[in-house]
Amino acid sequence: MKFGKTLERHQIAEWADHYISYKPLNKELKAIAEDPTDQKFKAWDDKLEQELSKVNKFFTQETRRLEEQVKATRLDASEIVSHPPAEQEIRARSIEKVLAVILARLDNLADFSSLNWVACYKILKKHDKVLKGLAPSKLQDLELYKNAPFHNQTAIESLREDVTAVSEVLGVDPEGNFDWLIRNKGQVAGSWISNLLYYFLGIVTMALVNIVLMLQLPTTNTLSRAAYFTASFPVFRMVFMCVELTWLCGCCVYLFEKHKVNWIMLLNIDPKCQIQASHLFYLASLQTVVWLVFFMIYLSEYKFGLFGTGAPDQYALYPVAMIVVQISILFLPSAYFRVKYRYGVLRCLGSVVLSPAFRVTFSANVLGDVLTSFTRPLKDLIFTGCYILTGSFLTQEEVHCAVETPVVVWVILVLPYWFRLCQCCRRYYDSRVSTNLLNAGKYSMGIAMSAVTAIDWSRFGVTVYASRLLWTSFFIGATMYMLVWDVRMDWGLFPSVDTFLRTDRDNHFYPKPMYFAIASLNMILRTTWALNLIPLEALGWNGPYGADIVLFFVSAGEIYRRAQWVILRFEHEHLTNASKYRSVLWVPPLALKEEAKDADAPPAPARILRRPIAWAQNAIHASMALDEPMPAELESNPSTNTLRARGASEDDGIHREESATVLGAYRAVQEYSGVVKRRKHDLHAKTETVGDEDCAAGLSRAGSAAL
């Protein structure tokens with residue numbers, strides 16, 4: 001992923017001109033490499049200094065402006081006691097919302113500082129790479145820029161402390177009140193994807209009810225046999241696990257979106273990617289409907305022979321048809337699941353399979369860990385291949401495949417662990433960090449556990465009790481190893497012996513009870529992981545239904561446990577760069593692109609623009625509330641003085657806390673080129689209507705910065 005795209009995606013729209021011009025600097029480096037001269041070297045150095053000076057100047061100006069606003073707000077807070085008791089609570093809430101606006105700006109100023117620092121590091125690193133051997137190294141000068149004003153966030157932290165002090169005096173919560181800013185941006189209408197999702201969920205609910213009722217009815221098909229039914233069960237189980245994985249991916253992305261975990265940047269996905277949780281839920285619901293429909297038809301044919309004679313060669317074709325339809329769904333054209341994204345998944349999978357030939361990325365790491373929870377479905381995948389290729393779905397009650405031997409089954413079960421073991425070794429080779437060897441030991445224990453249960457110890461004179469004791473020892477050792485690694489290394493919990501959760505407020509995104517719940521469920525589900533590695537023959541579960549049902553729930557539980565692991569693993573990587581996959585410790589919060597809105601329910605800014613008097617009046621109040629300069633367009637308007645005079649009246653129903661948001665929204669729309677044209681006429685004479693979609697796009701790019 002190119003850093004230039006990352007910079008464009010995460011920069012604040014109204015401050016876009018004040019960021020380091022990374023792309024022009026990078027372009028000039030390539031031109032210098034083709035024709036290097038001392039004059040060009042000096043010109044590039046001068047331009048870099050100009051860019052840094054631009055960033056420093058803007059950062060200093062914004063910091064001073066916020067200092068003045070905090071000072072004015074502190075003064076307002078000290079004067080509250082001079083008002084009647086009935087007004088004190090109202091004024092305190094007004095100040096609370098103004099403080100919420102200031103906190104939002106402080107957050108964005110901190111992001112502005114971090115993003116420019118990363119841009120500085122990236123361009124110096126690019127300089128050394130492009131001009132290697134032609135010019136002295138610049139990356140070593142990075143230490144000189146650490147004292148630059150824009151990199152020093154002491155002033156921001158000091159302002160945060162001042163805001164907190166004012167909040168404590170008033171007894172208000174500006175951080176929690178930031179939700180007020182979100183609500184005042186307007187209600188977003190549901191998209192067509194959400195509507196389809198609800199429709200499919202209704203179908204899924206009814207299908208599940210029908211399946212339960214059908215299972216309770218007596219079988220009327222005289223040709224049905226239990227062996228016929230269970231012969232195709234692994235096929236349905238394998239597809240079901242894939243569908244469950246899609247649902248859980250949607251759940252993970254939903255939590256990432258809600259808590260601003262930047263999964264797109266962590267996985268090195270193109271910043272233009274618009275895949276959201278709703279898209280994954282839509283895909284999962286479609287897959288679920290297909291699975292349920294074919295399973296209902298299969299069950300109906302088996303029990304009642306409704307669509308044919310009821311012979312095995314009739315209903316055994318349905319699993320094959322289901323697989324064809326499920327694969328076809330993956331090839332459907334989509335504006336969100338673009339072809340290049342699908343190829344990216346395949347390339348990542350190829351790098352995992354061919355480990356340690358490729359350098360390990362965070363996405364390959366996560367995919368490798370997901371595969372370790374997919375061991376039993378992988379075995380079912382081999383079964384499905386044999387089921388189709390050997391023609392067993394037409395002629396035989398049981399599948400007989402030459403490759404499905406105990407040795408081959410054991411290799412398939414441990415193959416994902418081998419991939420992760422190779423990845424850890426490659427990580428150690430590249431980084432020389434001993435932690436990777438300890439991680440490799442965890443997967444070695446998993447392979448050893450599977451090997452111990454696969455060996456027939458009676459051939460070596462070992463008694464049954466001794467072999468079971470050996471199983472238990474490896475099981476306890478491997479489980480404890482993996483459990484401790486999950487909690488301490490992958491999630492960053494238990495920073496000290498007597499502390500479970502990270503103590504710093506900024507070191508966790510999710511609610512505290514969520515960490516305890518995930519850790520507890522992980523401990524419970526970890527005790528069943530070994531059942532995915534142990535061959536069925538070793539447990540003596542070769543009955544017609546028992547083993548299939550047990551492994552169905554065990555496999556589903558293991559995939560669910562892995563989804564929980566992903567939720568905390570991504571958060572820990574976002575906050576701490578725990579695995580050192582990134583060169584700098586910086587990941588911006590996830591910024592979403594809002595979907596198209598319903599024309600009947602436009603966002604609040606669009607509705608306000610259709611009422612220019614109310615818009616202008618709110619903007620004037622915002623300027624008065626935050627001591628901000630009036631937008632030039634309104635300052636030059638002949639009706640401004642009238643509106644300002646009207647603003648002194650409380651009958652207008654316009655409060656100071658509302659005006660802070662309105663001014664931010666006004667600037668967001670004004671700064672977004674192409675969304676709101678500069679109106680040259682009087683606001684009373686003509687009002688340009690802003691399209692709902694364009695206005696929403698402008699606000700989404702501006703983000704919470706303008707608020």
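See above for the structure.
None of the values given here were measured: they were computed from a predicted structure.

Asker: Help me out: how do you make sense of the overall build of the protein in this one?
Answerer: Helix and strand content of the protein: 29 helices and zero strands. Burial statistics for the protein: of 707 residues in total, 50% are counted as buried. Long-range pairs, those at least 24 residues apart, make up 78% of the contacts in the protein with a sequence separation of at least 6. A total accessible area of about 34800 Å² is found for the protein, and carbon and sulfur atoms account for 60% of it.

Asker: So what exactly am I meant to see when it comes to the packing of aromatic side chains here?
Answerer: Within a pair of aromatic rings, the relevant descriptors are the distance that separates the centres and the angle that separates the planes. A full pass over the atoms with the stated rule returns 23 aromatic pairs. Centre to centre, the rings of F236 and F295 are 5.2 Å apart; their planes meet at 80°, and the pair counts as edge-to-face. With a gap of 59 residues between them, F236 in helix α9 (residues 233-259) and F295 in helix α11 (residues 277-304) connect regions that are remote in the sequence. F295 matches F236 in its accessibility class, with the two residues each being buried. Over the ring of Y581 we find R427, and its NZ or CZ is 4.0 Å from the ring centre. Here the guanidinium or amino end of R468 rests over the ring plane of W471, the centre of that ring lying 4.3 Å away.

Asker: I'm lost on unusual backbone geometry in this one. Help?
Answerer: Peptide bonds are trans in most cases, and residues, glycine excluded, mostly fall at negative phi. A cis amide bond links S355 to the next residue, P356, at an omega of 5°. In this structure, N268 takes a positive phi of about 60° despite not being glycine. Residue placement: N268 occurs in the loop between α10 (263-266) and α11. Classification of N268 as partly exposed rests on a relative accessible area of 46%. Look at N577: it is not a glycine, yet its phi comes out positive at around 55°.

Asker: Could you clarify how one ought to interpret helix α14 (residues 339-353) in this entry?
Answerer: Side chains of residues three or four places apart in an α-helix project in the same direction, reflecting 3.6 residues per turn. A rise of 1.5 Å per residue sets the reference length of α14, with its 15 residues, at 21 Å; its end C-alpha atoms lie 21 Å apart and thus fit the reference within 8%. If you check which residues of α14 are buried, you get Y341, C348, S351 and V352. One face of α14 carries all of its buried residues, which in axial projection span an arc of 100°. For α14, the exposed residues lying more than 90 degrees away from the buried face are V339, L346 and R347. Buried-residue contacts for α14 involve α15 (362-372) and α18 (406-431).

Asker: What should I look at first to understand the pattern of salt bridges in this one?
Answerer: Oppositely charged side chains can pair when the atoms bearing their charge come close. Counted under the stated rule, the structure contains 24 salt bridges. The partner of D380 in a salt bridge is R237, with the nearest N and O atoms 2.8 Å apart. Remark: R237 occurs in helix α9 and D380 occurs in helix α16 (residues 375-389); sequence separation between them is 143 residues. Where K340 meets D270, a salt bridge forms, and the shortest distance between an N and an O atom there is 3.2 Å. Of the two residues, K340 is situated in helix α14 and D270 in the loop between α10 and α11; the sequence distance between them amounts to 70 residues. The partly exposed category is assigned to K340, whose relative accessible area is 44%. Assessed through its relative accessible area of 14%, D270 is described here as buried. Here the salt bridges share partners, and the residues they tie into one network are D486, R526, E558 and R561.

Asker: Got a minute to help me understand α15 in this structure?
Answerer: With 10 of 11 residues buried, α15 lies mostly within the body of the structure. Taken together, the buried positions of α15 are F362, S363, A364, N365, V366, G368, D369, V370, L371 and T372.

Asker: Please clarify how the packing of α9 against α16 should be interpreted in this entry.
Answerer: Between two packed helices, both the angle of their axes relative to each other and the distance between the axes serve to describe the pair. Two numbers describe how α9 lies on α16: the axes approach to 9 Å, and their chain directions differ by 135°. Classified by the angle between their axes, α9 and α16 sit oblique to one another. The way α9 lies across α16 gives a crossing that is left-handed. Residues P234, V235, R237, M238 and M241 of α9 form the contact with α16, whose own contacting residues are P377, D380, L381, F383, T384 and Y387. Considering only residue class, the contact of α9 with α16 consists of eight nonpolar, one polar and two charged.

Criteria and thresholds
Each chain has its residues counted from 1, following the order in which its sequence is written. For this predicted model, a pLDDT threshold of at least 70 governs which residues receive local features, and a threshold of 80 or more governs which side-chain atom pairs are given and counted, while totals over whole chains, interfaces and linings are taken from all residues. Excluding hydrogens and water, the side-chain figures rest on all heavy atoms present in the structure. Under the DSSP-based scheme used, a helix requires at least four consecutive residues in state H or I and a strand at least two consecutive residues in state E, with every element numbered from the N terminus. Burial classification: accessible surface area is computed with a 1.4 Å probe over protein chains only, and a residue below 20% of its type maximum counts as buried, one above 50% as exposed, and the rest as partly exposed. What makes two residues a contact is simply this: any of their non-hydrogen atoms within 4.5 Å. Computed by Shrake-Rupley with a 1.4 Å probe, the accessible areas treat only the displayed protein chains as cover when residues are assessed. Two rings from Phe, Tyr or Trp (for Trp, the six-membered ring) form a pair when their centres are within 6.5 Å of each other. A pair whose planes differ by under 30 degrees is stacked, one over 60 is edge-to-face, and the rest are tilted. Any Lys NZ or Arg CZ found within 6 Å of a ring centre and within 35 degrees of that ring's normal is scored as a charge over the ring. In this analysis, the expected span of each helix is defined as 1.5 Å times one less than the number of residues it contains. This arc is built from the directions going out from the helix axis to the C-beta atoms. Each salt bridge in this description consists of a side-chain nitrogen of Lys or Arg and a carboxyl oxygen of Asp or Glu lying within 4 Å of one another. Angular values range over 0 to 180 degrees, each being the angle between N-to-C directions of two axes fitted as lines to C-alpha atoms, with helices fitted over their stretch in contact. For classification purposes, angles smaller than 35 degrees are called roughly parallel, those larger than 145 roughly antiparallel, those between 65 and 115 roughly perpendicular, and all remaining angles oblique. The sense of a crossing depends on the near helix, which, turned anticlockwise from the far helix by less than a right angle, makes the crossing left-handed and, turned clockwise, makes it right-handed. Ten residue types, Ala, Val, Leu, Ile, Met, Phe, Trp, Tyr, Cys and Pro, are classed as nonpolar, four, Asp, Glu, Lys and Arg, as charged, and the remainder, Gly among them, as polar.

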